[in-house]
Amino acid sequence: MKIDFTPSRRSTVGAEWELALVDRRTGELASVAEQVLDAVRPDGDEEHPKIKQELLLNTIEVISGICDTIAEVKADLNTSLDAVHSVLDPLGVELFSAGSHPFSTWYQQKVTDKERYAKLIDRTQWWGRQMLIYGVHVHVGLDHRDKALPILDALLNYAPHLQALSASSPYWGAEDTGYASNRALMFQQLPTAGLPFQFRKWEELESYVDDMFTTGVIDHFSEIRWDIRPAPHFGTIEMRVCDGLPTLEEVGAISALTQCLVDDFSGRLDDGEILPTLPPWHVQENKWRAARYGVDAIIILDAAGNERLVTEDTYDLLNRLEPVARRLDCADELRSVEKILHHGPSYLRQRAVAKQYNGSLRAVVASLISEMREGTIPRT
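Residues numbered from 1 in each chain as written. Predicted model: local features only at pLDDT ≥ 70, side-chain atom pairs only at ≥ 80, totals over all residues. Heavy atoms only, no water.

Draft legend 1. Structural context of the environment of Arg308. You can see Arg308 is positioned in strand 13 (residues 307–309). Among residues more than four places away in sequence, those in contact with Arg308 are Ala297, Ile298, Ile299, Leu301, Asp313 and Asp316. Here Asp316 takes part through its side chain, which lies 2.7 Å from a polar atom of the side chain of Arg308. (Helix = DSSP H or I, 4+ residues; strand = E, 2+ residues; numbered from the N terminus. Contact = heavy atoms within 4.5 Å. Polar contact = N/O pair within 3.5 Å; in protein donor to acceptor, adjacent residues only side chain to side chain.)

In structure tokens:
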């Protein structure tokens, strides 16, 4: 099977942000997505161009256009947030984003009435119904198809950094799971989800996709739901590692880090460099460690098995990427990664709120709603 890759302008960027709809009074999830999407849809159009439906009726997704800078991405997303809030306020419904809802139960949620979602649930059954999770995806443009797989492999070295920084799903069904990101391990239960295979040639990817079609595993390339994947139609590499992020500032920070990494890798490939990769078993172990321990994870750095605290490695990474960020005009947004490290990712903030309010997960939801409204990383 031939898979055409449509090249993009190098390092253009866009983001997709999944948002939960919650009742302002109870903090429970609210299945009102259809009402919201109808209200924001422009007259005469089938749907809003940047506010989309998702698998569950308690979820919407806001997407940016193709942008040159992270500031543009944030402004684009914020415009959509304003439109959604104008509809939600009279309904008594709020927005938040985290890897999961702290206490709402999966079996009470309604699935969007679309054929592709019905097919997913019919095939995946109990695990598919469990997907009460939210994430952030970042696309970065590639100017040549042959960069896609080397950059995918190189990005896997930094998947634990991105996972730890974004981890926001410590609770599941009103219980503390002990994980920083329960979502990371839940989502990989779906067929074709989880860590990608590390193909060396584009033709190997084409052969894999052909097998998936032939054996009926997928009907469309987009049904390959890897943590990092090429998006041939858009001409991008798509980073899908991250849990839902509560604030627009955090979305900007993670988007900046992703854009800088991809641009750095792209330039190194242009210079003839072979990008470093990790053995698949190290990649798998790093994912588990980041999901379990978040910013306290000790990650594997190389094939020799050298290890380091993920936060220490992240600080060095930010220093190395600073010239790239200045060139891409996202230095301010990249510095926000340091704010996440200093004040703590969402999973730590959620646990701190629960501790402050005698274990109240309703207080945790209220804090997530407040963070979404404020848009900035709260100081601890």
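Draft legend 2. Looking closely at the side chain of Arg183. Considering the arrangement of structural elements, one finds Arg183 in helix 6 (residues 182–187). Here Arg183 falls in the buried class, since its relative accessible area comes to 5%. From its side chain, Arg183 meets the backbone oxygen of Arg240 in a polar contact 3.5 Å long. Beyond its immediate chain neighbours, meaning those up to four positions away, Arg183 contacts Gly99, Ile133, Tyr134, Gly135, Ser169, Arg240, Val241, Cys242 and Asp243. (Buried < 20%, exposed > 50% of the residue type's maximum accessible area, 1.4 Å probe, protein only.)

Draft legend 3. Molecular detail of the packing of helix 12 (residues 346–356) against helix 13 (residues 361–374). Packing of helix 12 against helix 13 brings their axes to within 8 Å, and their N-to-C directions diverge by 130 degrees. The pairing of helix 12 with helix 13 is recorded here as oblique in orientation. Two packed elements cross with a definite hand, and for helix 12 against helix 13 that hand is right-handed. Across the interface between the two elements, Ser346, Arg349, Gln350, Val353 and Ala354 of helix 12 pack against Leu361, Ala363, Val364, Ser367, Leu368 and Glu371 of helix 13. (Axes fitted to C-alpha atoms, helices over the stretch in contact; angles between N-to-C directions. Parallel < 35°, antiparallel > 145°, perpendicular 65-115°, else oblique. Left-handed = near helix turned anticlockwise from the far one by under 90°.)

Draft legend 4. Focus on the pairing of strand 4 (residues 93–96). Across the two faces of strand 4 the burial is the same, with Val93 and Leu95 and Glu94 and Phe96 all buried. Two strands pair when backbone bridges link them, and strand 1 (residues 13–23) and strand 4 are joined in this way by four bridges, in the antiparallel orientation. Its bridge partner lying in strand 4, Asp23 is registered against Val93. (Pairing = 2+ DSSP bridges.)

Draft legend 5. Broad picture of unusual backbone geometry. Positive phi, close to 55 degrees, is recorded for Gln125, a residue that is not glycine. Relative to the helices and strands, Gln125 resides in helix 3 (residues 115–129). At Asp329, a position not held by glycine, the phi torsion is positive, near 60 degrees. Turning to its location among the elements, Asp329 is positioned in the loop between helix 10 (310–328) and helix 11 (331–343).

Draft legend 6. Here's a closer look at the pattern of salt bridges. The full count for this structure, using the stated rule, is 36 salt bridges. With its nearest N and O atoms 2.8 Å apart, the salt bridge here joins Asp143 to Lys147. Residue Lys147 is classed as buried on the basis of its relative accessible area of 6%. Arg351 is paired through a salt bridge with Asp176; the nearest N and O atoms lie 2.8 Å apart. (Salt bridge = Lys/Arg side-chain N within 4 Å of Asp/Glu carboxyl O.)

Keep in mind these numbers describe shape, not what the thing actually does.
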